[in-house]
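Report on the structure
For reference, the chains in residue letters:
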Amino acid sequence: MNEIFIAIGIILFPGIIATVIADKIIVHVKPWDSLKYGIYSFILGVFCYLSLQIIAWTQALLPEPFQILYPLRGPLDSWNIISNSKSKIDLGEIFGATILSVPIALTTAFVINHKIFHRIANKLGVSGKYGDENLYSFYLNSKEIDWVYVRDFERKLTYQGRIFSFSETDKIQEIVLSEVTVFGYDDSDEYYSVPTAYLCRTLGSITIEQIPNDRLESSNDNETN
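Now for a quick tour of the structure.

Scoring rules and cut-offs
- Along each chain, numbering runs from 1 in the same order as the chain's sequence is written.
- It should be noted that, the model being predicted, local features are given only for residues of pLDDT at least 70 and side-chain atom pairs only at 80 or more, the latter also being counted only at that level, while totals for whole chains, interfaces and linings use all residues.
- The side-chain figures draw on all heavy atoms in the structure; neither hydrogens nor water molecules are used.
- Secondary structure elements are taken from DSSP: a helix is a run of H or I of four residues or more, a strand is a run of E of two residues or more, and numbering for both begins at the N terminus.
- Burial classification: accessible surface area is computed with a 1.4 Å probe over protein chains only, and a residue below 20% of its type maximum counts as buried, one above 50% as exposed, and the rest as partly exposed.
- The criterion used for residue contact is that any of the two residues' heavy atoms lie within 4.5 Å.
- Accessible areas in this description were obtained via Shrake-Rupley with a 1.4 Å probe; residue shielding takes into account the shown protein chains only.
- Note on geometry: axes are C-alpha line fits, over the in-contact stretch for helices, and angles between N-to-C directions span 0 to 180 degrees.
- An angle below 35 degrees is read as roughly parallel, one above 145 as roughly antiparallel, one from 65 to 115 as roughly perpendicular, and any other as oblique.
- Each helix crossing is assigned a hand: it is left-handed if the near helix lies turned anticlockwise from the far helix by less than a right angle, otherwise right-handed if that turn is clockwise.
- Gly is put with the polar residues, along with every residue not named as nonpolar or charged; the nonpolar set is Ala, Val, Leu, Ile, Met, Phe, Trp, Tyr, Cys and Pro, and the charged set is Asp, Glu, Lys and Arg.
- In summary, the pairing rule links any two rings of Phe, Tyr or Trp, Trp by its six-membered ring, whose centres are within 6.5 Å, and it sorts them by plane angle into stacked for under 30 degrees, edge-to-face for over 60 and tilted for everything else.
- When the NZ atom of lysine or the CZ atom of arginine is within 6 Å of a ring's centre and also within 35 degrees of its normal, the charge is said to sit over that ring.
- Among buried residues, the Ala, Val, Leu, Ile, Met, Phe, Trp, Tyr and Cys ones that are joined through side-chain atoms within 4.5 Å form a nonpolar core.
- Salt bridge, as used here, is a side-chain nitrogen of Lys or Arg placed within 4 Å of a carboxyl oxygen of Asp or Glu.

Attention now moves to the overall build of the chain. Secondary structure assignment for the chain yields six helices and five strands. Its helices and strands in sequence order give the chain the pattern α-α-α-α-α-β-β-β-β-β-α, from N to C terminus. Within the chain, buried positions represent 34% of all 225 residues. Counted over contacts in the chain with a minimum sequence separation of 6, partners at least 24 positions apart contribute 55%. Of the roughly 14400 Å² of accessible surface on the chain, a fraction of 61% belongs to carbon and sulfur atoms.

What follows deals with the packing of helix α2 (residues 34-60) against helix α3 (residues 91-113). Closest axis-to-axis distance for the α2/α3 pair is 8 Å, and the angle between their directions is 115 degrees. Looking at the two axes, α2 sits roughly perpendicular to α3. Relative to α3, the crossing made by α2 is right-handed. Here α2 contributes Leu44, Phe47, Cys48, Tyr49, Ser51, Leu52 and Ile55 to the contact with α3, which in turn contributes Glu93, Ile94, Gly96, Ala97, Leu100, Ser101, Ile104 and Thr108. Among the residues forming the contact of α2 with α3, the class breakdown is ten nonpolar, four polar and one charged.

Turning our eyes to something else, we now look at the packing of aromatic side chains. As enumerated under the stated definition, the model contains three aromatic pairs in all. Centre to centre, the rings of Trp32 and Tyr40 are 4.8 Å apart; their planes meet at 80 degrees, and the pair counts as edge-to-face. The partly exposed category is assigned to Tyr40, whose relative accessible area is 29%. A centroid spacing of 5.5 Å and a plane angle of 85 degrees characterise the contact between Phe153 and Tyr185, whose relative ring orientation is edge-to-face. One end of the pair, Phe153, is in the loop between β1 (147-152) and β2 (157-168); the other, Tyr185, is in the loop between β3 (172-184) and β4 (190-202), with 32 residues separating them in the sequence. Here Phe153 falls in the partly exposed class, since its relative accessible area comes to 32%. Classification of Tyr185 as partly exposed rests on a relative accessible area of 32%. Over the aromatic face of Tyr149 sits the side chain of Arg151, whose NZ or CZ is 4.7 Å from the ring centroid.

Here we come to the nonpolar core. Counting residues in each nonpolar core, the largest one holds 18 residues, and the members touching the most others are Ile26, Tyr49, Leu52, Leu76 and Ala97. Where this core is concerned, the elements lending two or more residues are α1 (2-25), α2 and α3. With six residues, the single largest contributor to this core is α3. Leave out the neighbours within four places in its chain, and Leu76 touches Tyr49, Leu52, Gln53, Ala56 and Glu93.

Take the pattern of salt bridges next. Two side chains of opposite charge can pair, provided their charged atoms sit close to one another. Inspection of the entire model under this criterion finds six salt bridges. In this structure, the salt-bridge partner of Arg162 is Asp146, at a minimum N-O distance of 2.7 Å. Of the two residues, Arg162 sits in strand β2 while Asp146 sits in the loop between α5 (135-140) and β1, which places them 16 residues apart along the sequence. The partner of Asp152 in a salt bridge is Arg201, and the shortest N-O contact between them spans 2.7 Å. With a gap of 49 residues between them, Asp152 in strand β1 and Arg201 in strand β4 connect regions that are remote in the sequence. Residue Arg201 is classed as buried on the basis of its relative accessible area, which comes to 11%. Residues participating in the shared-partner salt-bridge network are Asp152, Glu154, Arg155 and Arg201.

Written out as structure tokens, the structure reads:
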């Protein structure tokens, strides 16, 4: 039993670092709970050591002058801890796996943020799910969405601007726009313009519409004339 705990602890160390980094750059609405953090830490930790093992195996195939990552050759000593608690703990392997936690975290974030698995599943007809985030984040994360109208029904205003950042909780929707022009919702009169605007509204109190390119081009032509 002690051997298992030791092995899990060694695997979790680089995995925790990878999970913390991934948590900061992966788009997700709800914070990860302790269970999900633990699962991700273990899985990413395993990937860190597997990546290190692949590097060690690859280096063992190279001529000795090219084996610069001494003593990474062949099987890692870290695997032996599972079966033998008296096996030595190689700090070099732990350090190497920890270094690899950074690219592992970045790769994980890329796969999740770009929905690689969901796209493959959709093409294979396995699933029609678009991702783990809600439709608000999914819509605003689309590459096609740049210039938008934000309709504020309660204040009778329309905000025209470019998406800068956004977030959503169970109660509110937040969005930051740049190059903002504010219009009246009923009369469409232009009120004023500001470089940026932060909007925080309750769920369902605003709508967001993509501005067609031809409308933007015609608006720019009118301003030039």
